[in-house]
Structures are given as C-alpha cells and as structure tokens.
Amino acid sequence: MRILSQITLVFGVLCTLSPFWLLAQNSDTTSWLKIQSGQESYLVSELIEILPDSEQTLGIAEVIEADKQGDFLPFSTDLVSSVTQVHWLKLAVSNELDKEQHWYLSIDYIDHIDIYIPQSDGSFKVSKNSSLSPLRSRSVPVGQFLFVDIPIPAESKQIYYIKMYSETIFSRQMQNFAFRKFHLHSPESYVEQFEKPRIFYAFCLGAILIMLLYNLVIWGYTRDVSYFYYVLYVFLIGVFIYAQTGYIFEVIIPDYPVVNRYVRFLAAPSFIISYLLFAQSYLRTKIYVPVLHYLMKGLIYAFVLLIITFFGQFWIFGRQSGYLMALGAFFIMITASIICIRKGYQPAHFFVWANILFISSGIIYTLYSLTIIPNTPFTKPIEMIVPFTIVVNLAIFSLGLASRFNLMKKELVRRRLEQERERQRLIKQQNEELEGKVLERTAEIMQQKEEIRAQRDNIQQQNQILESINDRIENQNRKITDSIRYANTIQKAMLPPIKSWENVFSEYFLIYLPKDIVSGDFYWYSKIENKVFIAVVDCTGHGVPGAFMSMVGNSILDDIINSQHKFEPSQILECLDKEVKKSLHQEDNANNDGMDIALCMIENAADGNQVKVSYVGAKRPLFVIRKDSQQVETIKGNNRSIGGVSLRKKCAFKTQVLDLQKGDAIYLTTDGFVDQNDDDRNKYGTWQLKRMLLENKDLPMRMQGNILRNELQQHQGNAEQRDDITFLGIRL
C-alpha cells in the first residue's frame, strides 16, 4: 500500500506539471510578441496562429489539446472562410518590462470576441466582448473599433487563446479583412493614436459645420440648385468622416451598433452620389459634356444599386465594387472638368484642383484601408489625411461656387443688357410700323363707323322684334305655370288628408317636398276595418311626367284595395304592376315608366300592445326602430319596380311580417332624401340618415320631422334639389 501511495503521489505531481512542461515544449515553435517599450503599437496579424472551428464544438480544453498537437497554423487568409463562423486564435506575448501592462487589442467587424486569459493557478479567465453590444457596456467606450483590455503580467510569457465568433452574415464576410487588421496598443500608443486625433477631428467637424451652415444660407438666398447639391454633399461627406472615425456611434446612436454598421458602409456611396449630382450642376455637364453627363447619371443609378446590395448582405462585393466605382467616378469628373476648361468654362479650374487633391488622398487612404499600405505608427496619420483634404476640398469648392455665382451674375447682366437693346430696337421698329398702320386704320375705322351705325339701326329693329317675342313667350310660360299650379291643386286633392291620420296614429311626421310644382312622389293611406294601409311611392321622373304617373298609381292603388278588396300586400303589388302596364300599354310600345313603392299593412293585436306590420317593397326599404333597441333595422324589399318592360323573368313580390309593439317606429321614404347632394356634390347617404334617426328616436315624431328637414336644408346648402322627396315616419 505504501508503494501504491508513492506511485499515486508521483503521478499527481507529473499531471500537475505536465501543462507547464508542454507549454515549455511548444515555446520553441511559438512566435512571441516581445513587449520592450511602452510606446509601441503592434500589428499582431503576422504573429497570431489560427485554428478554424467549422463544427463549433471546441472548448478551451480541446483548443489547448489541439495546440499541443500542433493544429494551430500561422495566420493566412486561405484559412479564413466566410462559411466558418468560429475561429480560434493563439496570441503569444512576452512582457520583458518589470511591471504589469494593460494593453488594448483593437479589432473591427467581428461580432463576438472571447479572450481566455491565463491565471497563475493554470486556469483561464474569460473576457467576453461583442461589437453588437451598446457602447456603454464596453470596457473601452470608443466607437471606431472594439477595444479589448488585455492584462500582461510583468516579466512573463503568456499565451492567450481568442475565440472569434461571427454570428451575422456581415461579420462572416468581413472576418478575413478584420483578421488582417489586429493591433495591440500600449496605453500610451492608444492615447497617441485614438485620443489625441480627436482634437483634429473636432476642428474638421467645426469647419464642415461652418461651411454647411454658410452655404445653406446662401442656397436659401439664391435658390441655386448647385448650392443645394453642395450642401447635401457637405452633409453626407461629414457623415462619412465621422461614421468612419466612430463619432456618430458614440454621440448619436450608441445603443444601435448594427445601425452604425449600415451607416459606415452606406455613407461612402451616398456622399459620392451627392458629389456626382453636384458635379453635374456645377460643371453644367449637360451643356458642355453631354456624353459624360449621362455617364455620370448612369453611375448615380449604379451607386443606388450598390446601396441595395448592402441591404442584400453582399458586403464584400459592395465594398470592393464601391472602391472601383468611386475611382471611376472621380476619373470621369476630372475628365469632364478638364473638357469644360478647354471649352472656356473657367469655374471648372476649382473643380480640377479640388478633385486632384481629393483623389490623391483617397487613393492613399484606400491603399491603407485595404492594408496594402501597412498600418504602423508612421502610417497612422493617413487616417487623418482624408478629413484634412476634405476640409480643403470643401473650401476650394466654396470659392469655386462663389466664382461661378459671380460669373453667372455677369452673364445675367450681359444678357439683360442685350435683351434691353433688342427690346429698344423692337420698340422703335414697332412704333414705325404702328405709325403707318394708324393711318391705314383711321380710314378703315371711318368706314367701319358708318357700317356700325347701319348695324345699330338694324339691331334696334331686331331688339323690338325680340321684345315682342319675349312678351309672347312670357305670356305662354305664365299660362303653362298656371296650368301646372292648377294641376298641383288637383294632385294635392288626390292625396289623403293628413288630419285623417290622427285618428289612427298618435304620432307621425310627413316630409313632402316636390322638386317642381307638381311631384312624381305621392303618399297613400287607407283604413279598412282593423287594417291600415300606408304607402310611399316614387314614380319615374318628376314634374309633369312624374305627376301623371303619380295620379295613375294613386287611382290604381285605390281601386285594388278599396274597390277590389285585395288586402294581401304582395298580391296588391302584383295587381298594381299588372294594371300599370295595362294602363300605359307597355306591352305594345316602348314605354318603360314605372314606380318604386314601400307598402305596409298595419294590424293591432287584441291585447292592444302587439302590432303586426306586413311589409312589401319594390326597390324601397322599410326602416324600423324598436323602442328598446339601439339600432336601425333595414327591411329590404324586392329588387323589382312596378311597371316597365323587362326581358328577364321577374321574381314574385314577397310579404315580410314584423311583430312589433306599441312605441316602435317605422319609416318609409323615397330615394330623394338620401340622394340629395351638397355644394361639393356629396350625397346625404343612407348611413347618415340612419344615424340621425337613431340619435333622435326618443323625441316626438313631429320634432323628428323638423330635425330631418333642418338637417336636409343644412346639407343641401346652395345646391339645387335634384329629386322629389317624401319621408313618412309613424310611431305605432
């Protein structure tokens, strides 16, 4: 047992020391980043080793084992695939200084970064970081890059394992580019490269804002489209600069890192679009270089499509295409400005020099962004070359716009002088021509004067004849009107007297408004034993034709009910239809007149509370409001008129029986009320009528009638009455 205990002790010691022994064994092949000064910034992409985790199954223990097996390989772009979401990196750092260092690892575009920091007991502390997190939750709140704080013990060698996880399509496409831009900054280097330039960027921002506001005021004064495009260009290029430097993320959208990615990528094509628009207007390309003008227009559409590709998640394609298209756009603009100069357009000089300066700095910055120019402390100022040249570029353009505006003023003055001279010449020429024409016209006028005198005498004679004719016409109109008024008296005499209704109905109202003197509408009433018949009828037409039809319908209805004693409502309408056709001989001629009708037969039950209403309609509905209800019931009739000739077989009229109670109200109306239009030709409408009935259902019926009359009058305004109106309301 003692020997077994000793073996176990030795085995435990070996297991404890094995990680350190393996680390020592691997140190011979590891590329160490040696920190020898506190003023340094290192491009660590050349020193890191990479292990793709395509299955996303490796943990830190498996990664350490893979490192022992030599599975980590020196970084190469061939090892980074947009299909693989997880990559493990190995960073070996040797701190030769005598105090602990806290350096910053900067990286861009990667979604999640987990850094495994070795501890003294052999374990690892995990520092989780994400570029998708809001700015306030980051350890270093700077918007340009994601900075990760890495502690490096004094006089030690440490191996850091870094898990890079690309969750989004954007990150997966950009990770190859991101891995090439890993930097490790000392605190002093971080301040020198990222904090101190803020003063310069603030100066540039102030200059851009001043030029933006100044030219915005000038545009408001001149309304010149070139100033508008220039203001748009200044604004968008400012957005571009401060999106790339992280200020927009820091100040405006610190809680929206994904939005910030879109702003950074969309700012460049957006400001180039505004630049092309400004170039077209400033250089007047449509006049001086029409071919290049339409080529610029095509590039504008191309950049719009480029923006769409970003929304389609084609980030790498859009980025690389954008660089090439931008170079092409600047080349075309410079070519256009040189041609304009050769054609004598002097303001183009400013455009040439501003673009040469801009393109030079842009090419340098592009090579730097693509890491063709390495990122070192000596090349770091390249990041500030674009803001500086943009400020100079904008200043040159401001001078150019002023020069162009002065040139346009001079051209305008010259054109006005030429126009004034031409106007004076034309006035003189016209005066000479007019003097000659005056003499000719004087003779013509004298002759016309004699002709006018003769025409005046003739007109006076014709006026006397017209006055005589008008007198005869007025006399005839008076006779016709008197005849129609007499016909109105006869028509009113045929209508049932209103006072007789008071013996049957305790409450009712009647609105009867003919469009002309006589009406094509009529109402009808009859009481036989315990049955009360009421009807509202709308005959074809209005005026005299409608009145004749109403008299025919009235007499036939009287005969059917009062003489023939037919009481079933549907049978009444069938007989009415037959008699109208017979009276008008509609089977033998083309006459198609007829009438729409709503007919009710009302019978009181023996108990005195129940009321039976039998309704039949020909294209006219019955409205019912029960005393305890909050809605208007619409009882529709048959979709068939009385009279007329139809090729289709007509459906039989159908009687609908309603069991109502005393206190319930029924309403019969022709279509004249709901079809009446206002001054804007808007109809009153059935929906609005039902709303008014429901709002006033508890009022006495006569008061309801007065309210409806006033409502119709207010709606009609100054509009002409378009049809006869009949509206009957009865409370049972």
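These lines cover the structure that appears in this document, whether it is placed above or below.

What counts and how
Residues numbered from 1 in each chain as written. Predicted model: local features only at pLDDT ≥ 70, side-chain atom pairs only at ≥ 80, totals over all residues. Heavy atoms only, no water. Buried < 20%, exposed > 50% of the residue type's maximum accessible area, 1.4 Å probe, protein only. Helix = DSSP H or I, 4+ residues; strand = E, 2+ residues; numbered from the N terminus. Arc of directions from axis to C-beta. Contact = heavy atoms within 4.5 Å. Axes fitted to C-alpha atoms, helices over the stretch in contact; angles between N-to-C directions. Parallel < 35°, antiparallel > 145°, perpendicular 65-115°, else oblique. Nonpolar A, V, L, I, M, F, W, Y, C, P; charged D, E, K, R; others polar. Pairing = 2+ DSSP bridges. Salt bridge = Lys/Arg side-chain N within 4 Å of Asp/Glu carboxyl O. Polar contact = N/O pair within 3.5 Å; in protein donor to acceptor, adjacent residues only side chain to side chain. Phe/Tyr/Trp six-rings, centres within 6.5 Å; stacked < 30°, edge-to-face > 60°. Lys NZ or Arg CZ within 6 Å of the ring centre and 35° of its normal.

Further remarks concern helix 4 (residues 187-195). For helix 4, every residue scored as buried is listed here: S189, Y190, Q193 and F194. Seen along its axis, helix 4 keeps its buried residues to an arc of 100°; they face one direction. Where helix 4 is buried, its residues meet strand 2 (41-43), strand 6 (101-107), strand 9 (146-152), strand 11 (183-185) and helix 5 (197-222).

The next thing to look at is the packing of helix 4 against helix 5. With their axes 5 Å apart at the nearest point, helix 4 and helix 5 run at an angle of 5° to one another. In terms of their interaxial angle, helix 4 and helix 5 are classed as roughly parallel. Of the residues in helix 5, those in contact with V191, E192, Q193, F194 and E195 of helix 4 are P197, R198 and I199. For the contact of helix 4 with helix 5, the residue count by class is four nonpolar, one polar and three charged.

All right, on to the sheet that holds strand 11 then. In space, the four strands of this open sheet follow the order 2-11-6-9, with antiparallel pairing throughout. Where the open sheet ends on each side, the last strands, each with one partner, are strand 2 and strand 9. For this sheet the average axis-to-axis angle between neighbouring strands, irrespective of direction, equals 25°. Two strands pair when backbone bridges link them, and strand 2 and strand 11 are joined in this way by three bridges, in the antiparallel orientation. Its bridge partner lying in strand 11, L43 is registered against H183. Relative to the sheet, helix 4 contacts strand 2, strand 6, strand 9 and strand 11, its axis offset from that of strand 11 by approximately 105°.

Glancing now at helix 17 (residues 686-695). Within the span of helix 17, buried status applies to L689, M692 and L693. One face of helix 17 carries all of its buried residues, which in axial projection span an arc of 100°. Residues of helix 17 that are exposed and point over 90 degrees away from its buried face: W687 and E695. Against the buried residues of helix 17 lie strand 17 (622-625), strand 21 (665-669), helix 16 (672-675), helix 18 (701-716) and strand 22 (725-731).

Moving on, we get to the pattern of salt bridges. Across all of its chains, the model carries 20 salt bridges by this definition. Of the charged contacts in the structure, one is a salt bridge between K90 and E49, with a shortest N-O distance of 4.0 Å. On the criterion of sequence distance, the pair formed by K90 in strand 5 (residues 86-95) and E49 in strand 3 (residues 49-53) is long-range, its members being 41 residues apart. Both residues of the pair, K90 and E49, count as buried. A salt bridge links E574 to R640; its shortest N-O distance comes to 3.3 Å. Of this pair, E574 sits in helix 15 (residues 569-583) while R640 sits in the loop between strand 18 (633-635) and strand 19 (642-643), and the two are 66 residues apart along the sequence. Exposure remark for E574: the relative accessible area of 29% places this residue in the partly exposed category. On the accessibility criterion, R640 (7% relative accessible area) is buried.

Topologically, T726 is positioned in strand 22. A polar side-chain atom of T726 sits 3.2 Å from a polar atom in the side chain of D521. Beyond its immediate sequence surroundings of up to four residues, T726 is in contact with L510, I511, Y512, D521, Y523, V536, L668, T669 and T670.

The tally for this structure, following the rule as stated, stands at 30 aromatic pairs. Judged by centre distance (5.9 Å) and plane angle (25°), the rings of F179 and F182 are stacked. By relative accessible area, which is 1% here, F182 ends up buried. On the basis of an interplanar angle of 90° and a centroid distance of 5.4 Å, the ring pair of F673 and Y684 is categorised as edge-to-face. Remark: Y684 occurs in the loop between helix 16 and helix 17 and F673 occurs in helix 16; sequence separation between them is eleven residues. Among the residues examined, F673 registers a relative accessible area of 0% and is labelled buried. When the ring centre of Y508 is taken as reference, the NZ or CZ atom of R702 above it lies at 5.1 Å.

Right, let's get into unusual backbone geometry. In this structure, H565 is a non-glycine residue whose phi angle is positive, near 55°. On the secondary structure map, H565 appears in the loop between helix 14 (543-563) and helix 15. Accessibility expressed as a relative area gives 49% for H565, which makes it partly exposed.

A few words on the pairing of strand 17. Burial along strand 17 is two-sided: the residues L622 and V624 and F623 and I625 are all buried. Of the strand pairs in this sheet, strand 17 and strand 18 are connected by three bridges, and their pairing is antiparallel. Among the inter-strand pairings, V624 is bridged to a residue of strand 18, identified as E633.

With respect to the helices and strands, N260 occurs in helix 8 (residues 257-283). Not counting chain neighbours up to four residues away, the residues in contact with N260 comprise F249 and I253.

This part takes up the sheet that holds strand 21. In space, the five strands of this open sheet follow the order 12-22-21-17-18, with antiparallel pairing throughout. Across the chains shown, the open sheet's two edge strands, defined by having one partner strand only, are strand 12 (507-513) and strand 18. Averaged over all neighbouring strand pairs, the angle between strand axes comes to 15°, with direction disregarded. Direction of pairing for strand 17 relative to strand 21: antiparallel, over a ladder of four bridges. Bridged to V624 within strand 21 is I666. Sheet strands touched by helix 17: strand 17, strand 18, strand 21 and strand 22. Its angle to strand 17, the strand with the most contacts, is close to 30°.

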